[in-house]
Amino acid sequence: LTEKLQQTFKRMRNKGRLTEADVKEALREVRLALLEADVNFKVVREFLGRVEARAVGQDVLESLTPDQAVIRIVRDELIQLMGSHVERVHMASNPPTVIYMVGLQGAGKTTASAKLARMLRHQGRQPLLVAADIYRPAAIDQLKVLADKIQVPVVTEPSKTPVELAELGKAASRRMAKDVIIIDTAGRLHVDDDLMGELEAMNARIPANEMLLVVDAMTGQDAVRVAEAFKERLPLTGVVMTKLDGDARGGAALSIREVTQLPIKLVGSGEKLEDLEPFNPDRMASRILGMGDILTLIEKAEASMDREDTQALAEKITKADFTLDDFRAMIDQVKKLGPLSKVMEMMPGMGGKMAKMKDKVDDRSVVRVEAILNSMTKKERQRPEIIDGSRRLRIARGSGTTVQEVNRLLKQFDEIKKMMKQMKGKKGRMRMPRMPF
Ligand code: GDP
Ligand code: MG
């Protein structure tokens, strides 16, 4: 939530009961949050009308936690707007499935093509890529390099037209027994007739099962206009929204959905090939409201953490007899939530500048920290002060790390411990120690 919004909700929490004026005020802040997230203003107006109709009703006024009721209504309505379920990429009943990736230059088509191929491979499909962006030789090489990493063949041939390449792709899929053809098409800097005509011709010759429009989330309202223009000419079946790892709050997702009625099927959240996910309306709703995915995170935490373990750990922490054993248990708990970098991503305020921080959280270093902890004896973990030079060397060898890494971990553990002692004494704000990963 934006700070203002948070304050409004805090006020409500203090009151316990919601008045109509409270709802109105909260919605004023929601309106700002939506506009800030780059949601089309018409969409915002309609949306708030719906929310108000619901919020000023009985169930909110009589709810035990009115603030939550408002958040939930806003979220529910947002989710409703974006399509309440996760959309799939449909496979043809009669293979091969033909998928076109279309969109403007730089939107992320080539990257998304390779990512999708990888995703489908993991689902047991046999994809084939077609490099049909013949105007940019670099684009063909780019696709080849990416495809090489995931071991998916690429069809490309110099001096063929895009239509011919689509045909070649189809023939190759038969020959190589591939069941999905992903065609990476050319883009332009602007929507233009040539581009549309070419895509129409390809589709007329090799009809699409899925024609996915790839849009860059960072382009905000422009993405909405692009989607409208493409939809006018082409039988689009869905949208892939890329670069959601950046600053964009994702308001474009909402507007595109509302304006074009096209489902958003996939989102790209990074430059790596594994950074492609099914579009999750729930998570997007939180993101648009600027809440990060804190609700998802809370739910996940509740589901995966063992309550008693957590309780015992919390007690230890406040008692300040926190040992390396407890530290290991803590890492285990956090790991249950998923890869650390993803957990960080779900935290509010992690967009934008803060996103850089998540790059520093490296899941491989967690593995190293664990290896070090596992190479210690129980006694060493309980009483780290006994770990002298020769023990450090042994631990480093045993864990396949270096003495420097062992030193660093011990030093950071000391800092954490110190902080926990302070926490025991005084309440209120305190600086988080740097975690050793
Ligand atoms: P195309 O011209 O539509 O084929 O776009 P590309 O696939 O070549 O992507 C353009 C640039 O955006 C490249 O530098 C990609 O690495 C980058 N890119 C694509 N998808 C994402 C994403 O989800 N996140 C980030 N951060 N960068 C992306
Ligand atoms: Mg490209």
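Each chain carries its own residue numbering, running from 1 in the written order of its sequence. Chains carry letters and ligands carry numbers; both start at the beginning, A for chains and 1 for ligands, and go up in the order they are written. In keeping with the predicted nature of the model, local features appear solely for residues at pLDDT of at least 70, side-chain atom pairs appear and are counted solely at 80 or more, and the whole-chain, interface and lining totals rest on all residues.

- Under an unreviewed UniProt entry, the name given to the protein is Signal recognition particle protein, and the organism recorded is Sulfobacillus harzensis.
- Annotation of the protein in UniProt includes, under Function (unreviewed entry), the sentence "Involved in targeting and insertion of nascent membrane proteins into the cytoplasmic membrane. Binds to the hydrophobic signal sequence of the ribosome-nascent chain (RNC) as it emerges from the ribosomes. The SRP-RNC complex is then targeted to the cytoplasmic membrane where it interacts with the SRP receptor FtsY."
- Listed under Catalytic activity (unreviewed entry) in UniProt, the entry text for the protein is "GTP + H2O = GDP + phosphate + H(+)". UniProt positions are given in the numbering used here, feature names are shortened, and annotations may be inferred rather than shown by experiment.

### Things to note about the packing of helix α6 (residues 109-122) against helix α7 (residues 137-150)
Pairs of packed helices are described in terms of their axes, by the angle between the two and the distance that separates them.
Part 1 of the argument: Fitted lines through C-alpha atoms serve as axes, helices being fitted only where they are in contact, and the angles separating the N-to-C directions of these axes extend from 0 to 180 degrees. The helix count covers DSSP runs of H or I at least four residues long, the strand count covers runs of E at least two residues long, and both are numbered beginning at the N terminus. The interhelical angle for the contact between α6 and α7, taken along N-to-C directions, is 20 degrees, at an axis separation of 9 Å. In terms of orientation, α6 lies roughly parallel with respect to α7. Crossing geometry of α6 relative to α7 is assigned as right-handed. Note on element contacts: α7 touches α6 through Ala-139, Gln-142, Leu-143, Leu-146, Ala-147 and Ile-150, opposite Thr-110, Ser-113, Ala-114, Ala-117, Arg-118 and Arg-121.
Part 2 of the argument: Gly counts as polar in this scheme, as do all residues outside two lists: the nonpolar Ala, Val, Leu, Ile, Met, Phe, Trp, Tyr, Cys and Pro, and the charged Asp, Glu, Lys and Arg. When its residues are assigned to classes, the contact of α6 with α7 shows seven nonpolar, three polar and two charged. Oblique is the label for any angle not under 35 degrees, not over 145, and not in the 65 to 115 range, which are roughly parallel, roughly antiparallel and roughly perpendicular in turn. Two helices cross in a left-handed way if the nearer one is turned anticlockwise from the farther one by less than a right angle. They cross in a right-handed way if the turn is clockwise. Throughout, a residue-residue contact means that the two C-beta atoms, derived from backbone geometry, are no farther apart than 7 Å.

### A short note on the sheet that holds strand β8 (residues 276-278)
Part 1 of the argument: A pair of strands is treated as paired once DSSP finds two or more bridges between them. Strand order across the open sheet formed by eight strands is β3-β2-β4-β1-β5-β6-β7-β8, with mixed pairing between neighbours. The sheet terminates laterally at β3 (154-155) and β8, the two strands that pair on one side only.
Part 2 of the argument: Of the strands in this sheet, β2 (127-132), β3 and β4 (180-185) touch helix α8 (residues 162-175), which is tilted by about 165 degrees from β2.
Part 3 of the argument: In the packing of helix α10 (residues 221-233) onto the sheet, the strands contacted are β1 (97-102), β5 (210-216) and β6 (238-242), and the crossing angle to β5 comes to about 155 degrees.

### Some points on the site of ligand 1
Part 1 of the argument: Not every one of the 20 residues close to ligand 1 is listed here, only the nearest: Gly-108, Lys-109, Thr-110, Thr-111 and Gly-268.
Part 2 of the argument: With three residues, α6 is the single largest residue contributor to the shell around ligand 1.
Part 3 of the argument: For the shell around ligand 1, the class distribution of residues is two nonpolar, 13 polar and five charged. Residues are classed as near a molecule or strand if the C-beta position derived from their backbone is within 6 Å of it.

### Digging into the UniProt feature "domain: SRP54-type proteins GTP-binding" (unreviewed entry) in the protein
Part 1 of the argument: As recorded in UniProt, the feature "domain: SRP54-type proteins GTP-binding" (unreviewed entry) lies at residues 263-276.
Part 2 of the argument: Helix makes up 0% of residues 263-276 and strand 43%, with an end-to-end C-alpha separation of 16 Å.

### With respect to the pairing of strand β7 (residues 264-268)
Part 1 of the argument: Among the five residues that make up β7, five are buried, leaving the element largely enclosed by the rest of the structure.
Part 2 of the argument: Across three bridges, the pairing between β6 and β7 is parallel. Looking at the pairing, Val-240 lines up with Leu-266 of β7.
Part 3 of the argument: Crossover connection from β6 via helix α11 (residues 251-260) to parallel β7: handedness right-handed.
Part 4 of the argument: Sheet analysis places β7 next to β8, joined by three bridges and oriented antiparallel. Residue Gly-268 lies in a different strand from β8, and its bridge partner there is Leu-276. Put plainly, a residue is buried at 20 or more neighbouring C-beta atoms within 10 Å of its own, exposed at 12 or fewer, and partly exposed in between, counting only other residues' C-beta atoms, which are placed from the backbone. A crossover gets the label right-handed when its path from the first strand over the helix to the second runs clockwise, viewed with the strands pointing away from the viewer.

### A closer look at the pairing of β4
Part 1 of the argument: Taken across its six residues, β4 has six buried, putting it largely inside the fold.
Part 2 of the argument: Burial of the side chains of β4 extends over both faces: Val-180, Ile-182 and Asp-184 are buried on one face and Ile-181, Ile-183 and Thr-185 on the other.
Part 3 of the argument: Here five bridges tie β1 to β4, and the two strands are oriented parallel to one another. Of the residues in β4, the one forming a bridge with Thr-97 is Val-180.

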